[in-house]
Amino acid sequence: MRRSIQRLSLLGRFSLLSLLLMCVLGGVVGMVLHGRIEHRALADAERLAVAAAATGSQAALDQSDLVGQIGPARMLELDKKIAQPLASTGVIRSKIYKLDGSVAYSDDHGEIGTTTNADEVRGLIDQGIPKREMGRGTGDDGTGPRTLSVYVPIRVGAATSPNALFEVYLPYAPVAADIRSDTQILYLLLALGLAMLWGALFRIVSRASGKLHRQAREDHLTGLPNRAALHAAGRDALGSSSRPGRTGALLLIDLDRFKEVNDTLGHDQGDHLLREVAQRLRDVLRPSDVLARLGGDEFAILVRDLPERSATADIAGRIEHALRRPFDLAGVAVELGASIGIALYPDHGDDLTTLLRRADVAMYEAKRARVGVCTYDRATDPYSPERLALVAELRTAIDNDELVLHFQPKIEIETGAVAGVEALVRWQHPERGLLAPIEFVPLAERTGLIGAVTRWVLQAALSQQREWMAAGLEMPVAINLSGADVLDTTLAEVIGNALVENAVPGRLLECEISEDTVLADPRRAIESLGRLRAMGVKLSLDDFGQGQSSLSYLKRLPLDEIKIDRSFVMGMGSDDSDAAIVRTTIDLGRNLGLKVVAEGVETDEAYADLAALHCDVAQGFGLSRPLPAADLRRWLDARAASVAA
C-alpha cells in the first residue's frame, strides 16, 4: 500500500489522503453532532415530563394523597387532573411514588399500592433532579416498544423539599424519528460542506501541483525544458528508438563569450541574450527535437529518429549559423559563437546520462581546439578506460620525474639576439616513448592534474635556470599557466617560494596565459596576475587573436607582452585577412606599450615580413624546434657564433 501511494503523483496523493481525512473527519463530526441531536431530543422529552410534573401532578396532589390509599372518588378526580391531560401530550403511562417506594397513584389503577425498591425511590427524591432511562414497555418484564421513562422529584402539599417521585413513560419512536430526521439533514449538510471544501482544496492544490510540476521540469528564464525534463524525454525517446536501425543524437551547446556579455552589459542583458538564443535554437529545430537549457549558458538538444548520422552536421551547421548573427543588446551588436559537442545513439551510448557525458567530452574538445563542432571520439575521452589508465600513469610520471622540458628560443627580430626561451613539457613514457603535450596536457586539465604538472614544470624550469645562472647565462624562461592555475589562490605563493628556493629573480620568469583563461573569471585573473607582477614576474597573453579577448580586460591586465597566434603568422603570406590581423595586433601592442611576439615563424619570408612590420620577437620551427637543455646550449653557442660572424 505504501509503495502504491509513493508511486502516485503529488496531486494523486493529496486526493487520496485528503479524501480519507475528510471521510474520517466527517464521521467524527457526524458522530459528535449525532450525539448532540440525541441529547437534545431526550432533553426535550425530559422537559416535557418536568413541565407535566410541575403543572399537573404536583398541583393536583395534596398531602393526604400520600397517606394511606386513595379512594375511588379521589382516583377519578386525579385521573381528570393528571392522566387525561398527560395522555394528550403523548405520555403513555404516569406514576407517583411515595417515600416508602409504594405507588400512590397510577393511570393504571391496578398498580396503586404496589411497591418497588424504597431506597432507590428515596435516592432519586433526595437528588432533587430529574433522571431519564431507556427501556422497553412500561412494566418490569422488558418487553414492548422502546420507551423513555423520566423520574421527576416533586413537592406535594406544604413540603419544602421533594417528598414524592413522579414517573412518566414516553414513547421513544417519535424521539427516534426526530433524531433520525435531524441526523439525515446533518449528514447531508456535512457531506455537502466537506465536498465543497475538498473541491476548493483540490483546485488550489491542483493548480499548485501543476505549477510545481512545470517549475520542476521547466527552465524559468527561457521556458525550455530543464535537465530533469530532458532526462524524462531521453528515457522515452531512447526507449522508443531501441528498434534496429533507429538512431538519435545529443548535441551539447556552450556559448562563447557569454560571461563577457554578462560582465560588460549586466545580468539583465545576459538573461535577455539567453532568451534570444533559446528562440533562435527553437526556430532551427524540428518539432520532434527536444531543446533544453541545462543551466548557465549551456543548452542541450535531443534529436530523435535521425535519417542518417551525417544529419547531425547539418543540424550543428544551422545552429552555428543562427548564433553567428549579431544580437542586439541595449543598442550594442553582440556576436556570439558556440562550442558544440555531439554524441550519437547508439554508437556512443544507449542512455541519456552516457550521451550527456560524452557530448560534454566532445564539447570540451571543440572548445579546446577552437573548431566549433566536434563529435565524440573515444581517443579524447579522459574517462575512457584507456585514458583513465593514462591518468594513473601520469600521476606516477610526475612523482618519478618522467616529465622532461624542452626549450624553444625566442629571437629579437631587430638584433637577432635570443630574448629568452619557452619551456615546453614532454612525457618520456617508459613504453610509448616521448609524448607531446597534446597527448596528455588536455587530459591533465580535465582530470585536475594540471596543477601538479604546472608545479613540476615551474620547479624544473627554475632549476635549469639556476644552472644556467651558475654558468654565467641569464636566460629568461617562460612557462604556460592553465585556467585552473590562474584561478588558484595559492599560485603567487607557490611561484614566490619556488623563485626563492632556486635563487632566481622574478624578472627572469615569464608566465603565459591564454585569452580563455582571462575570460573565465576576469576579476580573479586580474587579482592573481597582479600578485605575480608585484614579484617582478613577466606576464604574456598567449595565442592572441584566436580567442575573443575584450579590449577592456586587455588594458586592465598587468601584461608585458602579447603573442600572436601561430595560425595568423603562418597564413599571413597567403591570406590578406591574416596579414591584416598580424599588422593590427602589432600596432595594438605598440600603442599599449606591450612587446609583441609572433609564434609559428617557419620561413625566412615570414621573418622578413614581421621585421618590416616592426614586430619585436619571433618564435617558431623556422628558427628552432624546442630542444632539450643540453642541445639548447649548443644551439645558443652556434647562434652566437653566426650572429657574430
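Residues numbered from 1 in each chain as written. Predicted model: local features only at pLDDT ≥ 70, side-chain atom pairs only at ≥ 80, totals over all residues. Heavy atoms only, no water.

Asker: Tell me about the side chain of serine 540, and name the residues and values.
Answerer: Inspection of the secondary structure assignment puts serine 540 in strand 18 (residues 538-544). Within the local environment of serine 540, its side chain forms a polar contact with the side chain of glutamate 561, the two groups lying 2.9 Å apart. Discounting residues that sit within four places of it in the chain, serine 540 has contacts with Glu510, Cys511, Glu512, Ile513, Leu559, Glu561 and Lys563. (Helix = DSSP H or I, 4+ residues; strand = E, 2+ residues; numbered from the N terminus. Polar contact = N/O pair within 3.5 Å; in protein donor to acceptor, adjacent residues only side chain to side chain. Contact = heavy atoms within 4.5 Å.)

Asker: Give a detailed account of helix 20 (residues 576-591), specifying residues and quantitative values.
Answerer: For helix 20, with 16 residues, the first-to-last C-alpha span of 22 Å sits near the 22 Å given by 1.5 Å per residue. Within the sequence span of helix 20, burial applies to Asp578, Ala579, Val582, Thr585, Ile586 and Gly589. For helix 20, the arc enclosing every buried residue in end-on projection is 130°, short of the 170-degree limit, so these residues lie on one face. Residues of helix 20 that are exposed and point over 90 degrees away from its buried face: Asp576, Thr584 and Asn591. For helix 20, the side-chain oxygen to backbone nitrogen distance between the N-cap and serine 577 is 2.7 Å, and the N-cap itself is aspartate 575. One or two steps after helix 20, the chain reaches glycine 593, where phi turns positive at roughly 75°. (Expected span 1.5 Å × (residues − 1). Buried < 20%, exposed > 50% of the residue type's maximum accessible area, 1.4 Å probe, protein only. Arc of directions from axis to C-beta.)

Asker: Tell me about the confidence of the model for the protein, residues and numbers included.
Answerer: On average, residues of the protein score 82 in pLDDT, and 85% of them are at 70 or above. Ignoring residues within four places in sequence, the model shows residues 1-7, a span with pLDDT below 50, making 4 contacts including any to other chains. (pLDDT = per-residue confidence, 0-100.)

Asker: Which residues make up the environment of methionine 535, and what values go with them?
Answerer: Within the secondary structure layout, methionine 535 lies in the loop between helix 17 (522-534) and strand 18. Accessibility expressed as a relative area gives 32% for methionine 535, which makes it partly exposed. Each C-alpha atom of the pair methionine 535 and glycine 506 lies 5.9 Å from the other, and the pair is 29 residues apart in sequence. For methionine 535, the residues in contact, after removing those within four places along its chain, are Ala492, Ile495, Gly496 and Gly506.

Asker: Lay out the packing of helix 13 (residues 450-470) against helix 15 (residues 491-502) in plain terms, naming residues and giving numbers.
Answerer: Between helix 13 and helix 15, whose axes approach to 9 Å, the crossing angle comes to 25°. In this view, helix 13 runs roughly parallel relative to helix 15, as classed from their interaxial angle. When you trace helix 13 past helix 15, the crossing you get is right-handed. For the pair helix 13 and helix 15, contact is made by Arg455, Leu458, Gln459, Leu462, Ser463 and Arg466 and by Val494, Ile495, Ala498, Leu499, Glu501 and Asn502, respectively. Grouping the amino acids of the contact of helix 13 with helix 15 by side-chain chemistry returns 6 nonpolar, 3 polar and 3 charged. (Axes fitted to C-alpha atoms, helices over the stretch in contact; angles between N-to-C directions. Parallel < 35°, antiparallel > 145°, perpendicular 65-115°, else oblique. Left-handed = near helix turned anticlockwise from the far one by under 90°. Nonpolar A, V, L, I, M, F, W, Y, C, P; charged D, E, K, R; others polar.)

Asker: Account for the sheet that holds strand 6 (residues 248-256), naming residues and giving values.
Answerer: Taking strand neighbours across the sheet as the criterion, the 5 strands line up as 7-8-6-11-12 in an open arrangement whose pairing is mixed. Pairing within the sheet leaves two strands with one partner each, and these edge strands are strand 7 (290-295) and strand 12 (373-375). Between one strand axis and the next, the sheet turns by 20° as a mean value, whatever way the strands run. In terms of strand pairing, strand 6 meets strand 8 (residues 298-303) through 6 bridges, oriented antiparallel. Among the inter-strand pairings, leucine 250 is bridged to a residue of strand 8, identified as leucine 302. Packed onto the sheet, helix 10 (residues 352-369) meets strand 6, strand 7, strand 8, strand 11 (337-345) and strand 12 and runs at close to 140° relative to strand 11. (Pairing = 2+ DSSP bridges.)

Asker: Could you give an account of empty space enclosed by the protein, naming the residues involved and the relevant values?
Answerer: A complete count under the given rule lists 1 cavity of 30 Å³ or more for this structure. Each pocket or cavity is described by its volume, and for the largest cavity that value is around 60 Å³. Lining the largest cavity are Thr454, Arg455, Leu458, Ile479, Leu481, Asp485, Asp488, Leu491, Val494 and Ile495. Looking at the lining of the largest cavity, the elements with two or more residues in it are helix 13 and helix 15. Residues that form the lining of the largest cavity fall into these classes: 6 nonpolar, 1 polar and 3 charged. (1 Å grid on protein atoms, 1.4 Å probe; cavity = no way out; pocket = protein on both sides within 12 Å on 5 of 7 lines; lining within 4 Å. Points joined across faces, edges and corners; volume = space filled by probe spheres on them.)

Asker: Break down the pairing of strand 1 (residues 93-97) for me, with residues and values.
Answerer: A regular strand places its side chains so that they alternate between the two faces of the sheet. Among the 5 residues that make up strand 1, 5 are buried, leaving the element largely enclosed by the rest of the structure. Here strand 1 shows a buried face lined by Arg93, Lys95 and Tyr97 and a second buried face lined by Ser94 and Ile96. Bridge count for strand 1 against strand 2 (residues 103-106) is 3 bridges, and the pairing is antiparallel. Among the inter-strand pairings, tyrosine 97 is bridged to a residue of strand 2, identified as valine 103. Between the end of strand 1 and the start of strand 2, which pair antiparallel, lie 5 residues, with glycine 101 showing a positive phi angle near 90°.

Asker: Would you mind going over the nonpolar core in detail, with residue names and values included?
Answerer: If you look at the biggest cluster of nonpolar residues, it comprises 79 residues, and the most contacted ones within it are Leu532 and Leu610. Here the element with the most residues in this core is helix 13; it accounts for 8 residues. The residues touching leucine 610, leaving out its near neighbours within four places in the chain, are Ile413, Val569, Met572, Val582, Ile586, Ala598, Val601 and Cys615. If you look at the next biggest cluster of nonpolar residues, it comprises 34 residues, including Leu273, Ala322, Phe327 and Leu336. (Core = buried A, V, L, I, M, F, W, Y, C linked by side-chain atoms within 4.5 Å.)

Asker: How would you explain the packing of aromatic side chains if you had to name every residue and give the values?
Answerer: A ring pair, where both rings are aromatic, is described by two values, the distance of the centres and the angle of the planes. Going through the model one piece at a time under the given rule, you end up with 2 aromatic pairs. Summarising the aromatic geometry, the rings of tryptophan 427 and phenylalanine 440 are spaced 5.7 Å apart at their centres and angled 80° between planes, so their arrangement reads as edge-to-face. Taken together, the residues tryptophan 427 in strand 14 (residues 418-429) and phenylalanine 440 in the loop between strand 15 (433-435) and helix 12 (441-447) connect sequence positions 13 residues apart. For tryptophan 427, a relative accessible area of 0% translates into the label buried. For phenylalanine 440, a relative accessible area of 0% gives the class buried. Over the ring of tyrosine 364 we find arginine 446; its NZ or CZ atom is 4.1 Å from the centre of that ring. Lying over the aromatic face of phenylalanine 621, arginine 625 brings its terminal NZ or CZ to 4.2 Å of the ring centre. (Phe/Tyr/Trp six-rings, centres within 6.5 Å; stacked < 30°, edge-to-face > 60°. Lys NZ or Arg CZ within 6 Å of the ring centre and 35° of its normal.)

Asker: Summarise the environment of leucine 230; cite the residues concerned and give the values.
Answerer: Mapped onto the fold, leucine 230 is located in helix 6 (residues 227-240). In sequence terms leucine 230 and leucine 291 are 61 residues apart; their C-alpha atoms lie 8.0 Å from each other. Not counting the four nearest positions on each side in its chain, leucine 230 is found in contact with Val290, Ala292, Leu294, Ala300, Leu302, Leu352 and Leu356.

Asker: Quick rundown of the pairing of strand 14? Include the residues and the values.
Answerer: Burial analysis of strand 14 places 9 of its 12 residues in the buried class, the great majority of the element. In textbook terms, the turn of a hairpin is the stretch between consecutive antiparallel strands, and for strand 13 (residues 403-412) and strand 14 this stretch comprises 5 residues, one of which, glycine 416, has a positive phi near 80°. Taken together, the 2 bridges between strand 14 and strand 16 (residues 477-480) define a ladder with parallel strand orientation. Residue glutamate 422 lies in a different strand from strand 16, and its bridge partner there is alanine 478. One ladder, built from 3 bridges, connects strand 14 with strand 15; its direction is antiparallel. Looking at the pairing, histidine 429 lines up with glycine 433 of strand 15. Counted along the chain from strand 14 to the antiparallel partner strand 15, the turn is 3 residues long.

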